[in-house]
Amino acid sequence: MKSPRERIVEITFELFAKQGYNSTGINQIISEAEVAKASFYQYFKSKEDLCVEFLKVRHEYWFSELNSFLSKEKDPRSKTIQAFDFLVYMNKKENFRGCSFLNILSEIPMDNVKILSVIQSHKADLRNFFLELLNNDDELSDHVYMLFESSIIESQLFKSNELIEKSKKIVTNLIQ
């Protein structure tokens, strides 16, 4: 059986995906996770702290899934191209829910440094992921990163993988 903390984070993932950050209240999380209010506050001082934990868990999960998906590829350029297939895979797995980090970013005030810094850190790690794959070629890796990010947003918006496939073709031509 899952611990109260695990249930809280799991329910948070479901509710944030379904309702968004602002429309999800602590009392609903407590109720649906079937934990006592005291248990919630034992682990998290606030909804903001819960959001930070949720984003950290999501970060670890997302990069674990990405690395697992790309593990069969040995060539860095092949991994770069396959990263776009990973987006198609995640869209199928999560029904085009998009990027948890950007979804929350759209709901928080820009002066919420605590949550904003976690989001920025995730995006910096993704940017560095492509930088490492593409032999520290700043310009090329940033171009790939921007195509990757926009593919996530557009596929969520239109519930379609069409622009992911187009971006993959562009990246294939760019890195050969």
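Before going into details, it helps to say that this report is about the structure given with it. Just so you know, these numbers come straight off a predicted model, no measurement behind them. (Residues numbered from 1 in each chain as written. Predicted model: local features only at pLDDT ≥ 70, side-chain atom pairs only at ≥ 80, totals over all residues. Heavy atoms only, no water.)

1. So, the overall build of the chain
And step 1. Helix and strand counts for the chain stand at 9 helices and 0 strands.
And step 2. Each helix and strand of the chain, ordered N terminal to C terminal, gives the series α-α-α-α-α-α-α-α-α.
And step 3. When the backbone C-alpha atoms are referred to their principal axes, the chain occupies close to 55 × 30 × 30 Å.
And step 4. Expressed as a percentage of the 176 residues in the chain, the buried residues total 45%.
And step 5. Of the accessible surface of the chain, which amounts to about 9600 Å², a share of 52% is contributed by carbon and sulfur atoms.
And step 6. In the chain, the 23 positive side-chain charges and the 26 negative ones have mean positions that sit 4 Å from each other. (Helix = DSSP H or I, 4+ residues; strand = E, 2+ residues; numbered from the N terminus. Buried < 20%, exposed > 50% of the residue type's maximum accessible area, 1.4 Å probe, protein only. Areas by Shrake-Rupley, 256 points an atom, 1.4 Å probe, with all protein chains shown as cover. Lys, Arg positive; Asp, Glu negative; His and termini not counted. Charge placed at Lys NZ, Arg CZ, Asp CG, Glu CD.)

2. Here's the deal with unusual backbone geometry
And step 1. The backbone of N135 sits at a positive phi, close to 50°, despite the residue not being glycine.
And step 2. You can see N135 is positioned in the loop between α7 (113-133) and α8 (138-158).
And step 3. For K159, which is not glycine, the phi dihedral falls at a positive 50°.
And step 4. Considering the arrangement of structural elements, one finds K159 in the loop between α8 and α9 (162-175).

3. Topic: the pattern of salt bridges
And step 1. Applying the stated criterion to the full structure yields 9 salt bridges.
And step 2. Between R58 and E94 there is a salt bridge, with its nearest N and O atoms 2.7 Å apart. Remark: E94 occurs in helix α5 (residues 76-94) and R58 occurs in helix α4 (residues 47-70); sequence separation between them is 36 residues. No difference in accessibility class separates R58 from E94, as the two residues are buried. (Salt bridge = Lys/Arg side-chain N within 4 Å of Asp/Glu carboxyl O.)

4. A closer look at the nonpolar core
And step 1. Within the largest apolar cluster, 38 residues are counted, with the highest numbers of intra-cluster contacts made by L55, I104, I115, F130 and F148.
And step 2. For this core, the secondary structure elements donating two or more residues are α4, α5, α6 (100-105), α7, α8 and α9.
And step 3. With near-sequence residues (within four places) excluded, I115 lies in contact with Y21, E48, C51, V52, L55, I104 and I108.
And step 4. Formed by 12 residues, the second largest nonpolar core is a distinct cluster that contains I8, V9, I29 and F44. (Core = buried A, V, L, I, M, F, W, Y, C linked by side-chain atoms within 4.5 Å. Contact = heavy atoms within 4.5 Å.)

5. Details of the packing of α5 against α8
And step 1. The contact between α5 and α8 brings their axes to 10 Å, and the two run at 10°. Considering the angle they form, α5 stands roughly parallel to α8. Together, R77, T80, A83, F84, L87 and N91 of α5 and L140, V144, L147, F148, S151, I152 and S155 of α8 make up the contact between the two elements.
And step 2. Considered class by class, the residues forming the contact of α5 with α8 number 8 nonpolar, 4 polar and 1 charged. (Axes fitted to C-alpha atoms, helices over the stretch in contact; angles between N-to-C directions. Parallel < 35°, antiparallel > 145°, perpendicular 65-115°, else oblique. Nonpolar A, V, L, I, M, F, W, Y, C, P; charged D, E, K, R; others polar.)

6. Here's the deal with the packing of aromatic side chains
And step 1. One pass over the structure, following the stated rule, counts 16 aromatic pairs.
And step 2. Seen from their ring centres, W62 and F86 are 5.3 Å apart, and the 80° between their planes marks the pair as edge-to-face. On the criterion of sequence distance, the pair formed by W62 in helix α4 and F86 in helix α5 is long-range, its members being 24 residues apart.
And step 3. Relative accessible area serves as the criterion here: at 0%, F86 is assigned to the buried category.
And step 4. Judged by centre distance (6.3 Å) and plane angle (65°), the rings of F63 and F129 are edge-to-face. In this pair, F63 sits in helix α4 while F129 sits in helix α7, placing the two residues 66 residues apart along the sequence.
And step 5. A relative accessible area of 12% means that F63 is categorised as buried.
And step 6. For F129, a relative accessible area of 14% translates into the label buried.
And step 7. Ring pairs connect the aromatic residues W62, F63, F69, F84, F86, Y89, F129, F130 and F148, which therefore count as one cluster. (Phe/Tyr/Trp six-rings, centres within 6.5 Å; stacked < 30°, edge-to-face > 60°.)

7. Section: α8
And step 1. For α8, built from 21 residues, the straight-helix expectation of 30 Å at 1.5 Å per residue is met to within 8% by its first-to-last C-alpha distance of 30 Å.
And step 2. If you check which residues of α8 are buried, you get L140, S141, V144, Y145, L147, F148, E149, S151, I152 and S155.
And step 3. Next to the buried residues of α8 lie α4, α5, α6, α7 and α9.
And step 4. Trailing α8 by a residue or two, K159 shows a phi angle of about 50°, which is positive. (Expected span 1.5 Å × (residues − 1).)

Interpretation note: all reported values are geometric properties and have no functional meaning in isolation.
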